[in-house]
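# Observations on the three-dimensional arrangement
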Amino acid sequence: MKNETDKTKPAVSIEEISTNILASATKKKSFWSALVIPGLALLTGLILGALFIIVTSGEVYSAFQISFGSGLATSWEIVSKSYLALFQGAIGNPAAMVQALISGDQLEIRRAFNPFLESLVVSTPYIFAGLAVALGFRAGLFNIGVEGQLFIGAAASTFVGYSIKGLPAIIHMPLALLAGALGGAFWGFIPGWLKAKTGGHEVINTIMMNWIAFRFTEWLLTGPMTRPDSGRMPVSPIIEKSAEIPQFFKQPIRFHLGFFIALGAAGLVYWLLFKTTWGFNLRTVGANPRAAKYAGMNIAKNTILAMSLSGALAGLAGANQILAINRSMAIGLSAGYGYDSIALALIGNSHPVGVVLAAILFGTLRNGATRMMVTTRIPIDIISILQALILMFVAAPAIIRSIYRLKPPKAEDEKAAFVGSWGGK
Amino acid sequence: MSKKFLTFLAILIAASLALSACKPAAAPAETKFKACQVTDTGGIDDKSFNATAWKGVEDAVKDLGIEGKYLESQEVADYEKNLNTFIEDKCDIIITVGFLLGDGTKASAEANPDFKYSIVDYSYDPVIPNVVGQIFQTDEAAFMAGYLAASLTKTGKVGTFGGLPIPTVTIFMDGFARGVAYYNEQKGTSVEVLGWDINNPDGGLFTMSFDDQTKGKEFGTNLMDEGADIIMPVAGPVGLGTAAAVAERGNAYIIGVDSDWAVTNPDYSKITLTSVMKKMDVTTFNVIKSAKDGTFKGGNIVGNLANSGVDLAPYHDLESMVTSDLKAELDAVRAKLLDGTIKLSDAFKIK
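Residues numbered from 1 in each chain as written. Chains lettered and ligands numbered in written order. Predicted model: local features only at pLDDT ≥ 70, side-chain atom pairs only at ≥ 80, totals over all residues. Heavy atoms only, no water.

### Examining the overall build of chain A
On a plain count of helices and strands, chain A comes out with 19 helices and 0 strands. Classification of the 425 residues of chain A by burial places 53% in the buried group. Sequence-distant contacts, at least 24 apart, represent 77% of the contacts inside chain A between residues at least 6 apart. For chain A, the accessible surface area stands at approximately 19,100 Å², while carbon and sulfur atoms represent 69% of it. (Helix = DSSP H or I, 4+ residues; strand = E, 2+ residues; numbered from the N terminus. Buried < 20%, exposed > 50% of the residue type's maximum accessible area, 1.4 Å probe, protein only. Contact = heavy atoms within 4.5 Å. Areas by Shrake-Rupley, 256 points an atom, 1.4 Å probe, with all protein chains shown as cover.)

Here's what the structure looks like:
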């Protein structure tokens, strides 16, 4: 008996969860609160992260065995050393910059100024992927398939990158980028079409499409796209020089044009969403599909278009990694950009500017983590914990408000954030 | 209250940053020899080549008094970044692991000719003067494992599967299957190998994963359902899933790969017949030692049966299963492998 009653009342449906996430992702916020909450969330995350570092450090335990004071001192030492390394790895070491400038050695100067630029390099795929998720959120769609779309985009741009020879760079590079966008768009189009025509929920379908994409690219790499002289290793041929996204400086600085392309994409998404009729339609469909339908908007068309565009942006994230950095495709292409970008879009409030800022934050943290790992042996995973904490606090601003005793937002703000249910309810 | 607290926090953080930034760049008090490893995306605890190479670094830390560091890569784009980080860190030797790092190591080595590199499980042709490639004639040891398995199977069937169809994996499977075939030829038996056919190297059984232990369990169960009672999984930690399946079902055994599984996974020592060891820790240790002694020379080092770079592990808990007659036969096989009487596949032959 008990089971039956349970069955009739599913605890929470996917639709409810995704509606809630969508609601908080596109809530209207004042400029100030949009910055204060993530800022304080970062701070709180760093403080809790410090606790993690202390609790997981063997040195601290042995220091506490000597005396309480030396335990505290060691804790402080380890945490400050770690975060200093994180900072220097992500932004740079001012002392080293000055020293390098005085010495005048070109390589030393490039090395000293590299950390900041490298952070932007790491941020670039986050920007593309974050925009992809944000665009979906705005249209009321939860695109979890960014990771898969990224893989397909990468494969498409790799193929165009190595198979076409003899084109001038001015044509070849944009063409390879376009291939990446089209590949991703196609992979986003399928769940979009399924949603519009059959009502199949895009959360399920995009997750499934991810698995198809992973296995499909693996097959491509072990078969049709294998580098001929690699002895059957799953690596694609190296792309032509003309397909490369140019890097601005000499080794080891990897800062490249892709960052500006990403900023351009963010500008384009902003313009599309907020300055065009199509963007208005899309946002209306996202905010209240019934009202949109009543107003005569074509929901099916908007859904398909939004998923395809979202996929195109995800595809660009993959193409960017191949054409600017990796130069060939291999397994292990992404460190989970597609999944991190969901968090990123939430923190960025699904606004292109917010997404860019959140992407730079994520990229900076991840880049700094490398140096932290070299100097203090703290695994890079601590950054994942930090990202998760920040996200948690951003998603639940009440925690931050009560910790820092901020005033609750005005009631009108909450009302303005009305989001209707969607998906055939 | 909240404002004061905030201001206090802000000052504290600003001060600590400023103070630590002002600290004079720590004088290079100690110049310990540094060996630095960049892992591939498998991570440092992959129970496969990253972990084994790292064991070599740790052995060097213990025996040679050097400093060991590692950086884990989460994606392909990290390889170049991690290599650059170690260049800046002025590492005395940089160890990279696996073919995925092949391109990155080459580029880094050519851009930084003053640095020394060694890459595990990969080689360059032509050789790069500041890189030592570590490669292994693994099929020699796997051949002996195949012979052993064929003589101990009760069902007349043995099995193997790999992680991905790449040469560093299939060399295990091919050697294993040839060992079985040799046993059949000698004894007139017809022991069957599931998962690899020496006449059809494009086939074979693969999980397409190096980290999904559930798949290892599935594959192990399927192979046992097909009648195999000795299984050699060549897929890193995926094989632990197979070991779990075998331990559950009973009446079957596994053969470990890369390291001595009876030692590295003592939970399964009761079912681990032996392991096909690929001693990447030893070769890595030797390369570090040569770099420290100043005898480092670029090129390739090949681990084979002759120099114990690859070998069969001891039988440990299952010693009693291997009769002294069988041990003598295995010694004869080893001798024939060493003097070249037994020929292995040309496709995997390292020149």
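### Focus: the state of the cysteines
All names here are of chain B. Tallied over the full model, the rule gives 1 disulfide over all chains. Shown here is the disulfide that connects Cys-36 with Cys-91, its sulfur atoms set 2.0 Å apart. Around the S-S axis, the bridge from Cys-36 to Cys-91 shows a dihedral of about -85° and counts as left-handed. Remark: Cys-91 occurs in the loop between helix 3 (76–88) and strand 3 (93–97) and Cys-36 occurs in strand 1 (residues 34–38); sequence separation between them is 55 residues. For Cys-36, a relative accessible area of 0% corresponds to the buried category. (Disulfide = S-S within 2.5 Å.)

### Overview of the interface of chain B and chain A
Between chain B and chain A, the contact holds 45 residues from the first and 42 residues from the second. Buried area between chain B and chain A, both sides added, is near 4,000 Å², and the carbon and sulfur share of it is 58%. On the chain B side of the contact with chain A, Gln-74, Glu-75 and Lys-81 of chain B bury the most area, a combined 15% of that side's loss. Taking the shortest distance from any N to any O, the salt bridge between Arg-366 of chain A and Glu-75 of chain B comes out at 3.3 Å. (Buried area = accessible area lost by both parts, 1.4 Å probe. Salt bridge = Lys/Arg side-chain N within 4 Å of Asp/Glu carboxyl O.)

### Concerning the packing of aromatic side chains
Overall, the coordinates contain 22 aromatic pairs over all chains when judged by the stated rule. On the basis of an interplanar angle of 45° and a centroid distance of 5.2 Å, the ring pair of Tyr-270 of chain A and Phe-274 of chain A is categorised as tilted. Linking Tyr-270 of chain A with Phe-274 of chain A, this pair stays in helix 11 (residues 258–275), spanning 4 residues, or about one helical turn. When its relative accessible area of 32% is taken as the criterion, Tyr-270 of chain A is described as partly exposed. By way of ring pairs, the aromatic residues Phe-186, Trp-187, Phe-216 and Trp-219 of chain A are connected into one cluster. Across the ring face of Phe-296 of chain B, the terminal group of Lys-116 of chain B is positioned such that the distance to the ring centre comes to 6.0 Å. (Phe/Tyr/Trp six-rings, centres within 6.5 Å; stacked < 30°, edge-to-face > 60°. Lys NZ or Arg CZ within 6 Å of the ring centre and 35° of its normal.)

### Remarks on the nonpolar core
If you look at the biggest cluster of nonpolar residues, it comprises 216 residues, and the most contacted ones within it are Leu-323 of chain A together with Ile-93, Phe-176, Ile-255, Val-276 and Ile-288 of chain B. The greatest single-element share of this core, amounting to 14 residues, is contributed by helix 7 (residues 106–138) of chain A. The residues contacting Phe-176 of chain B, other than those within four sequence positions of it, are Ala-142, Phe-143, Ala-145, Gly-146, Ala-149, Val-158, Gly-159, Thr-160, Val-193, Met-232 and Ile-255 of chain B. (Core = buried A, V, L, I, M, F, W, Y, C linked by side-chain atoms within 4.5 Å.)

### Description of the sheet that holds strand 4 (residues 117–120) of chain B
All names here are of chain B. In spatial order, the strands read 2-1-3-4-5-11; together these 6 strands make up an open sheet with parallel pairing. The open sheet has two free edges, formed respectively by strand 2 (67–71) and strand 11 (299–303), since each of these has just one partner strand. Each strand of the sheet is rotated relative to its neighbour by a mean of 20°, with strand direction disregarded. Inspection of the sheet shows strand 3 paired to strand 4 by 4 bridges, in the parallel sense. Paired with Val-97 across the bridge in strand 4 is Val-120. (Pairing = 2+ DSSP bridges. Axes fitted to C-alpha atoms, helices over the stretch in contact; angles between N-to-C directions.)

### Some points on the packing of helix 8 (residues 146–163) of chain A against helix 14 (residues 299–326) of chain A
Residue and element names in this part refer to chain A. Packing of helix 8 against helix 14 leaves a shortest axis separation of 7 Å and a crossing angle of 55°. Considering the angle they form, helix 8 stands oblique to helix 14. Judged by the twist between their axes, the crossing of helix 8 over helix 14 is right-handed. Along its contact with helix 8, which presents Val-146, Gln-149, Leu-150, Gly-153, Ala-154, Ser-157 and Thr-158, the element helix 14 presents Ser-310, Gly-311, Ala-314, Gly-315, Ala-317, Gly-318, Ala-319, Ile-322 and Leu-323. Each residue belonging to the contact of helix 8 with helix 14 can be placed in one class, and the counts come to 8 nonpolar, 8 polar and no charged. (Parallel < 35°, antiparallel > 145°, perpendicular 65-115°, else oblique. Left-handed = near helix turned anticlockwise from the far one by under 90°. Nonpolar A, V, L, I, M, F, W, Y, C, P; charged D, E, K, R; others polar.)

### Notes on helix 14 of chain A
Residues and elements named next belong to chain A. Compared with the 40 Å implied by 1.5 Å per residue over 28 residues, the 39 Å span of helix 14 between its first and last C-alpha is a close match. Burial of helix 14 is extensive: 23 of the 28 residues sit out of reach of the surface. Arg-327 sits one or two positions beyond helix 14 and adopts a positive phi of about 70°. (Expected span 1.5 Å × (residues − 1).)

### Comments concerning the confidence of the model for chain A
All names here are of chain A. Averaged over chain A, the pLDDT score is 86; the fraction of residues at 70 or greater is 89%. By mean pLDDT, the top-scoring element of chain A is helix 8 (97), and the lowest-scoring one is helix 19 (residues 411–416) (42). Of the regions scoring below 50 in pLDDT, residues 1–10 engages in 0 contacts with residues more than four places distant in sequence or in other chains. In this model, residues 411–425 is a region of pLDDT below 50 whose contacts with residues beyond four sequence positions or in other chains number 26 contacts. (pLDDT = per-residue confidence, 0-100.)

### Here's the deal with the sheet that holds strand 9 (residues 253–258) of chain B
All names here are of chain B. Read from one edge to the other, the open sheet built from 6 strands follows the order 7-6-8-9-10-12, with strand pairing classed as mixed. The open sheet has two edge strands, strand 7 (192–194) and strand 12 (310–312), and neither has a second partner. Pairs of neighbouring strands in the sheet enclose a mean axial angle of 20°, with direction left out of account. Sheet strands touched by helix 7 (residues 213–225): strand 6 (157–162), strand 7 and strand 8 (230–234). Its angle to strand 6, the strand with the most contacts, is close to 155°.

### With respect to helix 9 (residues 169–198) of chain A
Given a rise of 1.5 Å per residue, 30 residues ought to cover 44 Å, and the 43 Å separating the end C-alpha atoms of helix 9 of chain A matches this to within 8%. Just downstream of helix 9 of chain A, Gly-199 of chain A is the residue with a positive phi angle, here 80°.

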